[in-house]
Amino acid sequence: WGAPEDPRNQPGEPILHAQQWLRSGWEMTDGLRLQFTESVRMGSGDDDLSRIPLGGSTPYVAPLHGAPWAAFLAGDYLSTELSLHGAIGNNHEIGLLVDTVLLRDAERTGKTALGLLLGIGAFVDLRWDEWFMEARVGYAPDTGRQTSRPHLSALIGLGAQIF
């Protein structure tokens, strides 16, 4: 059930949750796009195996650029990301983004207090024929739990379309 000293992990309790997400964009001018991503999750009886990992830049977590990958485990949260994408030539993009997360019990003490987390970042998405590369860097200011200092993160992804 996860960390045994965490009072939120109660074996035998039924796990119920509801989750919703949205991704939307608006082309402001030719080659400039504003994109908004949002997700919300509320649950009951969650343990560390059913909570959503939050932090970092990968598509496998609720994003918080700058924070370490899966720095938080969230049962209840509201996550938003606002990003500005600029075209470079026909196949490449660069951009800036801001993440905000409203998270219940960020300190993992079993209390119901809400905490607000912030991450800012930049990215580049490059594409050549079937090959692509995406790089992201992020900065998360002090969140209290993160040993009272800001965090930096970077992610580089390489790939090819094979079909």
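All residue numbers refer to positions counted from 1 along the written sequence of the respective chain. Local features are withheld for residues below a pLDDT of 70 in this predicted model, meaning they are given only at 70 or higher, and side-chain atom pairs are given and counted only at 80 or more; totals for whole chains, interfaces and linings count all residues. Only hydrogens and water are set aside when side-chain values are computed; all heavy atoms of the structure are taken into account.

A.B. asks: Whenever I open this one, the overall build of the chain confuses me. Can you help?
C.D. replies: Looking only at helices and strands, the chain features zero helices and nine strands. For the chain, the succession of helices and strands along the chain, N to C, is β-β-β-β-β-β-β-β-β. Between buried and exposed lies partly exposed: a residue is buried under 20% and exposed over 50% of the maximum accessible area for its type, with that area taken using a 1.4 Å probe on protein chains only. Residues classed as buried in the chain amount to 39% of the 163 residues present. In the chain, 51% of the contacts between residues at least 6 apart in sequence involve partners at least 24 apart. With residues, only the protein chains shown are counted as cover, and all accessible areas are computed by Shrake-Rupley using a 1.4 Å probe. By element, 63% of the accessible surface of the chain is carried by carbon and sulfur atoms, the whole surface being about 9,800 Å². The helix and strand labels rest on DSSP assignments: H or I over at least four residues marks a helix, E over at least two residues marks a strand, and numbering proceeds from the N terminus. Note on contacts: a residue pair qualifies if any of its non-hydrogen atoms lie within 4.5 Å across the two residues.

A.B. asks: What should I look at first to understand the pairing of strand β5 (residues 77-88) in this one?
C.D. replies: Both faces of the sheet carry side chains from a regular strand, because those side chains alternate between them. In this scheme, strands are said to pair when DSSP sees at least two bridges between them. Sheet topology places strand β2 (residues 32-44) next to β5; 10 bridges connect them, and they run antiparallel. The partner of phenylalanine 36 across the bridge, within β5, is leucine 82. Bridge analysis of β5 against strand β6 (residues 92-104) gives 12 bridges, and the strand direction is antiparallel. Residue glycine 86 lies in a different strand from β6, and its bridge partner there is isoleucine 94. Counted along the chain from β5 to the antiparallel partner β6, the turn is three residues long, and its residue glycine 89 has a positive phi close to 65°.

A.B. asks: Any chance you could explain the nonpolar core here in plain terms?
C.D. replies: Within soluble globular proteins, side chains that are nonpolar generally end up buried alongside one another. We call a set of buried Ala, Val, Leu, Ile, Met, Phe, Trp, Tyr and Cys residues a nonpolar core when their side-chain atoms join them within 4.5 Å. In terms of nonpolar packing, the biggest core is built from 13 residues, with Leu54, Leu64, Phe72, Tyr77, Val101, Leu103 and Leu117 touching the most fellow members. Taken together, the elements giving at least two residues each to this core come down to β4 (72-74) and β6.

A.B. asks: Honestly, the sheet that holds strand β1 (residues 16-29) in this entry has me stumped. Any pointers?
C.D. replies: Spatial ordering of the open sheet is given by β1-β2-β5-β6-β7-β8-β9, a layout of seven strands whose pairing is antiparallel. Edge positions in the open sheet fall to β1 and β9 (151-160), since each of these has one partner strand only. Pairs of neighbouring strands in the sheet enclose a mean axial angle of 15°, with direction left out of account. The axes are straight lines fitted to the C-alpha atoms, using for helices just the contacting stretch, and the angles between their N-to-C directions are given from 0 to 180°.

A.B. asks: It is not clear to me how a nonpolar patch on the surface should be interpreted in this structure. Could you clarify?
C.D. replies: Patch membership requires more than 30% relative accessible area and the absence of a salt bridge. Residues of like charge join within 9 Å; the nonpolar side chains Val, Leu, Ile, Met, Phe, Trp and Tyr join within 5 Å. Salt bridge, as used here, is a side-chain nitrogen of Lys or Arg placed within 4 Å of a carboxyl oxygen of Asp or Glu. A grouping of Val98, Leu118, Ile120, Tyr139 and Leu152 is seen on the molecular surface, where their side chains present a nonpolar patch of about 440 Å² in accessible area. With respect to the helices and strands, the residue tyrosine 139 is situated in strand β8 (residues 131-140). Residue tyrosine 139 is classed as partly exposed on the basis of its relative accessible area of 34%.

A.B. asks: For this particular structure, what's the right way to read the pattern of salt bridges?
C.D. replies: Opposite charge on two side chains allows them to pair when their charged atoms are near. Tallying each qualifying case throughout the model produces five salt bridges. The salt bridge involving arginine 41 is made with aspartate 46; its shortest N-O contact spans 3.0 Å. Given a relative accessible area of 1%, arginine 41 falls into the buried group.

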